[in-house]
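Topology and contacts: notes
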Amino acid sequence: MESPFSDMDWLDTASHTLDLAIQKGLYADFSHLKSDLDRVRFIHNHRVTLLSNTFERYLSSTASSQTKNATTAISFRKKGNDYFVNKNLSRAAWCYRASIALSTVNSQDMALSYGNLSAVLFELSHYHESIRAIQLANDFYPNELKFKLVFRRAACYHKLNDPERSAYELKICRDLIKKTAGLDRKKIDSFCKEMDQLSQQIALLNQRKVEEKEEEATQQKPTTSYKDLDDLVQNSQTPTDTLASRLTKPTEKAPIDTEFCPPSPPSPPRSVFLIDDIKLLLNGPNEQVPCASSTLSMVYSKEKGRHIIANQDLPSDALILNERPYACLLLPKFAYTYCDHCLTSIVIPYVCPQCSHVLFCSEHCQQRALNSYHQYECKHIHVLKTLGIAFLAYRTLTITDHETLWTTITQTTLPNETETKTNSYQSDYLSIQKLITHTEQMSVDDLFHYSLTAYLLSEIIKSTNFLQCNQVKKRDTEQILLASVLLKHIQQMICNAQTISITKTNQINEMIF
Ligand SMILES: [Zn+2]
Ligand SMILES: [Zn+2]
């Protein structure tokens, strides 16, 4: 599926700056530099000559692609409708999620896309999720169409084996149609037939449930049964705050009514990476590295640093490593398929209110991201997503709490060989700091490119409230220090980061393509 984001080429900009450094006779000076701090300081000191307004141009070149865009949101919804008509449900769902990401928060556009997504989820038999999508659509959905949402909710409750609730929703749907002026008579007549059909199905379901309960021979306590559908609706225990009263006030946020809330969808798995049952590891967990199988050993060599090897032949299809990563990123093309925070596949999307580049699988992930690292990414996420693995270096900084980060980077010395040789395993920021970089094997061109990228990242971080100090001179010092750390992380990521691919899918993953 085509991403709506424009392609920018950071490589072109970096290559242009490298040519400029050669022209100005600065390349040779750069090639003699020995430390990351010296390299980024060099870029900083020559920024006027080398960068002129290159960075500003790059940072602002596609600024509009970062924000919400109603026109693109509508076009994705229309594409979704075409896929839905043609029964291509996974693509329809993707288009509706894209439309939701691109819509302004609390807009009718967003409500319509949530509403359409609820239809896809219904077709995929995800009834709890469909009800949740209807709930998210409700407040800003066009009043004259709300009866359709209520009808879908009635159908969901019928599928969920709840005839009382289904009958109640159907009654609200009929009331809404009566109250809505100007509806197309022909369309309503055919819609009424659908309602009558559902009504019969509810009656049958109710009858079946009554019979089942009778079969249980009323051993313990008497069960409630109803003469007919009207009896069922009138006597069922429905909330007093009717949906109809809420539907007529579209701009008012519905109060949280726990009694009325539809059942919550099953909570998403905590992470796609960490399987709770550690016994699944082949031959049990490793003594040195608890997240690895005991069929592996951690060893040290001067060339490779600390690394893991197999200590016996491994069968195929065995779980040998089960590690939650310290920092992870989604490839940009998966932004509307997986959660930006936990990487779980998205069924109901939750958005960032500012940018259109991320979606989350739950309110929990949304709040965790927005209240932490995403605030340092949001404004320039369209740039960050063009920087590949350097974005992972950036996130490694922004997910680390400030105190740990500043303490570690101001105190850490170069990796100590004897310390590394102890083969101890930790998953913390200090361990990241000590990963090997292989700087000596990198070409000057590459080091120049990475230094430039690290400096660009430090400009982005400086434009947020990440730096601790407000004084200009101290802010420059902090920026250069962070740029040197980012340069180190970029080099570390190149030889230490892993790409994770999905090779198997479950039922929910059927929606992924
Ligand atoms: Zn998530
Ligand atoms: Zn954002």
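You'll find the structure just up there.
Residues numbered from 1 in each chain as written. Chains lettered and ligands numbered in written order. Predicted model: local features only at pLDDT ≥ 70, side-chain atom pairs only at ≥ 80, totals over all residues. Heavy atoms only, no water.

1. Quick notes on the coordination of the zinc ion (ligand 2)
Within the protein, the atoms that donate to the zinc ion (ligand 2) are C352 (SG), C355 (SG), H374 (NE2) and C378 (SG), at distances of 2.0 to 2.4 Å. As a motif over one chain, the donors of the zinc ion (ligand 2) read C-x2-C-x18-H-x3-C. Of this pair, C352 sits in the loop between β3 (350–351) and β4 (359–360) while C378 sits in the loop between α15 (363–370) and α16 (381–384), and the two are 26 residues apart along the sequence. When sorted by exposure, C352 lands in the same class as C378, which is buried. (Donors = N, O, S within 2.8 Å, 3.2 Å for Na, K, Ca; no water. Helix = DSSP H or I, 4+ residues; strand = E, 2+ residues; numbered from the N terminus. Buried < 20%, exposed > 50% of the residue type's maximum accessible area, 1.4 Å probe, protein only.)

2. Quick look at the packing of helix α8 (residues 108–123) against helix α9 (residues 127–138)
With their axes 8 Å apart at the nearest point, α8 and α9 run at an angle of 170° to one another. It follows that α8 is roughly antiparallel to α9 by the angle criterion. As for the relative orientation of α8 and α9, their crossing is left-handed in sense. Mapping the contact onto sequence places A111, Y114, G115, S118, L121 and F122 in α8 and Y127, E129, S130, A133, I134, L136 and A137 in α9. For the contact of α8 with α9, a count of residues per class yields 9 nonpolar, 3 polar and 1 charged. (Axes fitted to C-alpha atoms, helices over the stretch in contact; angles between N-to-C directions. Parallel < 35°, antiparallel > 145°, perpendicular 65-115°, else oblique. Left-handed = near helix turned anticlockwise from the far one by under 90°. Contact = heavy atoms within 4.5 Å. Nonpolar A, V, L, I, M, F, W, Y, C, P; charged D, E, K, R; others polar.)

3. Comments concerning the coordination of the zinc ion (ligand 1)
Taken together, C339 (SG), C342 (SG), C361 (SG) and C365 (SG) make up the protein donors of the zinc ion (ligand 1), found 2.3 to 2.4 Å from the metal. Taken together, the 4 donor atoms coordinating the zinc ion (ligand 1) span angles of 103 to 114° at the metal, a pattern that classifies the geometry as tetrahedral. Summarised as a motif, the one-chain spacing of the donors to the zinc ion (ligand 1) is C-x2-C-x18-C-x3-C. Here the two residues C339 and C342 agree in accessibility, since each one is buried. (Tetrahedral: all angles 85-135°; square planar, octahedral: opposite > 155°, others 65-115°.)

4. Examining the environment of A93
Along the chain, A93 turns up in helix α7 (residues 89–102). A relative accessible area of 0% means that A93 is categorised as buried. In sequence terms A93 and A119 are 26 residues apart; their C-alpha atoms lie 9.4 Å from each other.

5. Examining helix α11 (residues 163–179)
With 17 residues, α11 should cover 24 Å at 1.5 Å per step; its first-to-last C-alpha distance of 24 Å lies within 8% of that length. Restricting attention to buried positions, one finds in α11 the residues P163, R165, S166, A167, Y168, E169, L170, I172, C173, L176 and I177. (Expected span 1.5 Å × (residues − 1).)

6. Points about the packing of aromatic side chains
Tallied over the entire structure, the rule returns 10 aromatic pairs. Considering the side-chain rings of F147 and F191, the 5.0 Å spacing of their centres and the 80° angle between planes classify their relative orientation as edge-to-face. Pair noted here: F147 is in helix α10 (residues 146–159) and F191 is in helix α12 (residues 185–215), with a separation of 44 residues, a long-range link. A single burial state applies to F147 and to F191, both of which are buried. Three or more aromatic residues link up through ring pairs in this structure, and these residues are F30, F42 and F448. Here the basic side chain of K79 rests over the ring of F76, its NZ or CZ set 5.0 Å away from the ring centre. (Phe/Tyr/Trp six-rings, centres within 6.5 Å; stacked < 30°, edge-to-face > 60°. Lys NZ or Arg CZ within 6 Å of the ring centre and 35° of its normal.)

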